[in-house]
Amino acid sequence: MFIISTYPLNSAEIWFNHWYVITDCQLYREQFMAAIFDGLLYDYSEKEIHSLFKFEKPLDGEYIYCQITSCNKLQFYTSPTGNQTIYYYYKNDTLIITDDLPMLLKNIRPKICDMNKEAVKDFYALSYPIGEETFINNIYRFPQGQAMTFEVNNNTLDFKKCFHIKLEPSAIKTTNEIIDEMEQLFLNSIKVCLNHYGENKKYCIALSNGLDSRLVAYYFHKYAANLFAYFFGEQHSAEGNHAAMIANIIDIPLFYGDEYSDFYRMIHEYAIQRPFSNVEWSKYRVAKKNIPEYDIILSGYMGNHLYGGWEYSSSNKEKDNDELSEELLKKFIRVDNISMQEKLRLIERIKKLLNQNNENILSRKWEFYFRSAIAYERDCEFFQDVNNKKHFSLFCNINLIRHSFTYKTADYQFRRLYMEYLKQKTPMIHPSRVPAIQVINSHKPLEKWVCGNEGFLKIFCNEKELIEFIAYDVCEANINIRELIEKVRSGSATRNNLHILFQFLTIAELINNYF
């Protein structure tokens, strides 16, 4: 945790006349002139950044860099290759930067009046808050590769965000040219992981029977010395059989998880460790209980978004932010029966974020995706799991994300291009050989695991009063919580019903654990 205040703190180390710093992590303190980022950090390679800041030793992977200048400026920069979510608390005279969110919350002790109702409403409607906001006022996410500057004026920290992205569509290329680029990007992403964690570590790949996780397994088997897989679905299913076929083709051991209907036992612990993350994601922890020890967990997280899920290329015609905000809301809204007033609120929230970038539509769409959807999903996904191990995804790499945004091809939409990539580069795992239907989407296990389950019913019933407060008083939702819980009891709840209940339960757990 890194704490700065313009007022004295106990046991603090004085760096400048009015800077008081407490730190339990290594900071790189260098004596040289301040560098002006101008928000273009994404245009630097990792090597160029090291050269720019004259690091005494090379850095690779997760880090946060701090520079304090002689003119009362404090500059922060996070690694573009890191996976761990960094948070910062900023309020007038105090700045706290940390990756230990539970410790931060225990120190600031938020109250109900500190709840960020706008972000909670976003979460209900879109499944994530818009921008870097979190569910508590004055706490923000600090996304990878981002920079920010603070100035001290009259004992007040003035925030100046250096975050401005400019993307240009790539030139029209042939299919083979784009496929070769993709392969190089995949290999570079693997290199980042192996350089950071080591080739001889024991890697565990989470197989879902989707395209992305099998691609990760295929590549890491070529470059990592010790690799095995686990299937995070039901063993005795078509998807489980297909995952076993893939593991056999790649020649890696495959293990199966526990009974998923018991993942309600994981919810409370997960909510304590990941206070802002959707508690539904705790279901992935069950699969890891009965597998061998490992050092790093691997997944194909975000591959489906990059290669077909978000359809960036479908609307790159230039348009103003009013039109773009409406388009993004229409695409990403996740609940029905939202009032016109709420839709207008969401449009204004999206537009406010887009207005921070006056570049082309590609750049503005990047602002929204990268600072909202991608950032929140990373927050849920990249936790230290039940075995306290780190998580790495081949696809969670800025260069890969940018490539998916900026490509241009006359012949293919990107999903078709992705299939062509697999056909050319990895034919043994192509879906024409082994069907690739992800278990989470096809088998619909969530309804099966939760509906009629006394463990989940007990949780929803015990938290019913608080869930109703969040639904009605905070989100002003036009739904009947009692009816949703009864649907869980009767076994008629849909997946969307369950998503909504888990979202409200996420905020309820946050309040119970930290308010």
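Calculation rules
- Residue numbers here run from 1 along each chain, matching the order of that chain's written sequence.
- Reporting of local features is limited, given that this is a predicted model, to residues whose pLDDT is at least 70; pairs of side-chain atoms are given and counted only at 80 or more, and all residues count toward the totals for whole chains, interfaces and linings.
- In computing side-chain properties, one takes all heavy atoms of the structure into account and sets aside hydrogens as well as water.
- Counting from the N terminus, the helices are the DSSP runs of H or I reaching at least four residues and the strands are the DSSP runs of E reaching at least two.
- A 1.4 Å probe rolled over the protein chains alone gives each residue an accessible area, and that area as a share of the maximum for its type sets the label: buried under 20%, exposed over 50%, partly exposed in between.
- By definition, residues are in contact when any of their heavy atoms lie within 4.5 Å.
- Each accessible area value is a Shrake-Rupley result obtained with a 1.4 Å probe; residue values ignore everything except the protein chains displayed when judging cover.
- Any two rings among Phe, Tyr and Trp, with Trp reduced to its six-membered ring, count as a pair given centres within 6.5 Å; such a pair is stacked if its planes are under 30 degrees apart, edge-to-face if over 60, and tilted if neither.
- Only strands that DSSP links by at least two bridges are regarded as paired with each other.
- Note on geometry: axes are lines fitted to C-alpha atoms, helical ones only across the stretch in contact, with angles between N-to-C directions running from 0 to 180 degrees.
- Expected span, for any helix, means 1.5 Å times one less than how many residues it has.
- Within this document, salt bridges are pairs made up of a side-chain nitrogen of Lys or Arg and a carboxyl oxygen of Asp or Glu, the two lying within 4 Å of each other.
- To define a nonpolar core, start from buried Ala, Val, Leu, Ile, Met, Phe, Trp, Tyr and Cys residues and group those joined through side-chain atoms within 4.5 Å.
- Two N or O atoms form a polar contact when they lie within 3.5 Å of each other; inside protein one atom must be a possible hydrogen donor and the other a possible acceptor, and for residues adjacent in sequence the pair counts only when both atoms belong to side chains.
- Note: pLDDT gives the predictor's confidence per residue, expressed from 0 to 100.

(A) Up close: the overall build of the protein chain. From N to C terminus, the protein chain includes 20 helices and 15 strands. By the burial criterion, 58% of the 515 residues in the protein chain qualify as buried. Within the protein chain, counting contacts between residues at least 6 apart in sequence, those at least 24 apart form 73% of the total. Per element, the accessible surface of the protein chain, about 22000 Å² overall, is 46% carbon and sulfur.

(B) Here's a closer look at the packing of aromatic side chains. With the rule as written, the count across this model stands at 26 aromatic pairs. Taking 5.3 Å as the distance between ring centres and 25° as the angle between the ring planes, the aromatic pair formed by Y124 and F504 counts as stacked. Of this pair, Y124 sits in helix 3 (residues 117–126) while F504 sits in helix 20 (residues 495–514); the two residues are 380 residues apart in sequence, bridging distant segments of the chain. With respect to class, Y124 is no different from F504; both count as buried. Their ring planes at 65° and their centres at 6.4 Å tell us that F135 and Y376 sit as a pair that is edge-to-face. Of this pair, F135 sits in the loop between helix 3 and strand 8 (139–142) while Y376 sits in helix 12 (residues 361–381), placing them 241 residues apart in sequence. The exposure class assigned to F135 is buried, which follows from its relative accessible area of 1%. Residue class for Y376 comes out buried when judged on its relative accessible area of 3%. The structure contains a cluster of three or more aromatic residues connected by ring pairs, namely F263, Y264, W449, F456, F460 and F502.

(C) Summary view of the environment of K288. With respect to the element layout, K288 can be found in the loop between helix 8 (283–286) and strand 14 (296–299). Each C-alpha atom of the pair K288 and Y256 lies 8.3 Å from the other, and the pair is 32 residues apart in sequence.

(D) Broad picture of the sheet that holds strand 12 (residues 226–231). In space, the five strands of this open sheet follow the order 13-12-11-14-15, with parallel pairing throughout. Whereas interior strands pair on both sides, the edge strands pair on one side only; in this sheet they are strand 13 (254–256) and strand 15 (390–393). The sheet shows a mean angle of 30° between the axes of neighbouring strands, direction not considered. Pairing analysis gives six bridges linking strand 11 (residues 202–207) to strand 12, with the strands arranged parallel. The residue bridging A206 from the neighbouring strand is Y230, located in strand 12. Where helix 4 (residues 175–197) meets the sheet, it contacts strand 11, strand 14 and strand 15, and its direction lies at approximately 160° from that of strand 15. Across the sheet, helix 6 (residues 238–250) touches strand 11, strand 12 and strand 13, and the angle it forms with strand 13 is around 155°.

(E) Region of interest: helix 5 (residues 211–223). The terminal C-alpha atoms of helix 5 lie 19 Å apart, and with 13 residues this matches the ideal 18 Å at 1.5 Å per residue to within 8%. Among the 13 residues that make up helix 5, 10 are buried, leaving the element largely enclosed by the rest of the structure. Along helix 5, the positions that sit buried rather than exposed are L211, D212, S213, R214, L215, V216, A217, Y218, Y219 and F220.

(F) Layout of the pattern of salt bridges. In the structure shown here, the tally under the stated rule is 18 salt bridges. Residue K464 is joined to E468 by a salt bridge in which the shortest nitrogen-to-oxygen separation is 3.1 Å. Of this pair, K464 and E468 both sit in helix 18 (residues 464–474), four residues apart, which is roughly one turn of that helix. In terms of burial, K464 and E468 fall into one category: buried.

(G) Structural detail: the nonpolar core. Counting 140 residues, the largest nonpolar core has Y203, F220, L298, V450, F460, F502 and F504 as the members making the most contacts within it. No other element matches helix 20, which puts 11 residues into this core. If we skip the residues at most four places from it in the chain, L298 touches C193, Y203, C204, I205, A206, V216, F220, L227 and F392.

(H) Main features of unusual backbone geometry. At N138, a position not held by glycine, the phi torsion is positive, near 75°. Within the element layout of this structure, N138 appears in the loop between helix 3 and strand 8. Of the residues examined, N138 reaches a relative accessible area of 24% and is grouped as partly exposed.

(I) Summary view of the side chain of T134. By secondary structure assignment, the location of T134 is in the loop between helix 3 and strand 8. Of the residues examined, T134 reaches a relative accessible area of 3% and is grouped as buried. Polar side-chain contacts of T134 include one of 2.7 Å to the backbone oxygen of I139. Contact partners of T134, with chain neighbours within four places excluded, come to N116, A119, I139, Y140, R141 and F276.

(J) Examining the confidence of the model for the protein chain more closely. With 74% of its residues at a pLDDT of 70 or more, the protein chain has an overall mean of 78. When pLDDT is averaged over each element of the protein chain, helix 18 comes out on top at 97 and strand 3 (residues 19–23) at the bottom at 32. Confidence drops under a pLDDT of 50 for residues 1–44, and excluding neighbours within four residues, the segment shows 121 contacts in the predicted structure. In this model residues 55–60 is a low-confidence stretch, pLDDT under 50, and it forms 16 contacts with partners more than four residues away in sequence or in other chains.

(K) Broad picture of the environment of G303. By the secondary structure assignment, G303 is in helix 9 (residues 303–309). In the structure, G303 is positioned 101 residues away from S404 in sequence and 10.0 Å away in space, judged by C-alpha atoms. Excluding residues that lie within four positions of it along the chain, G303 makes contacts with D212, F395 and R415.

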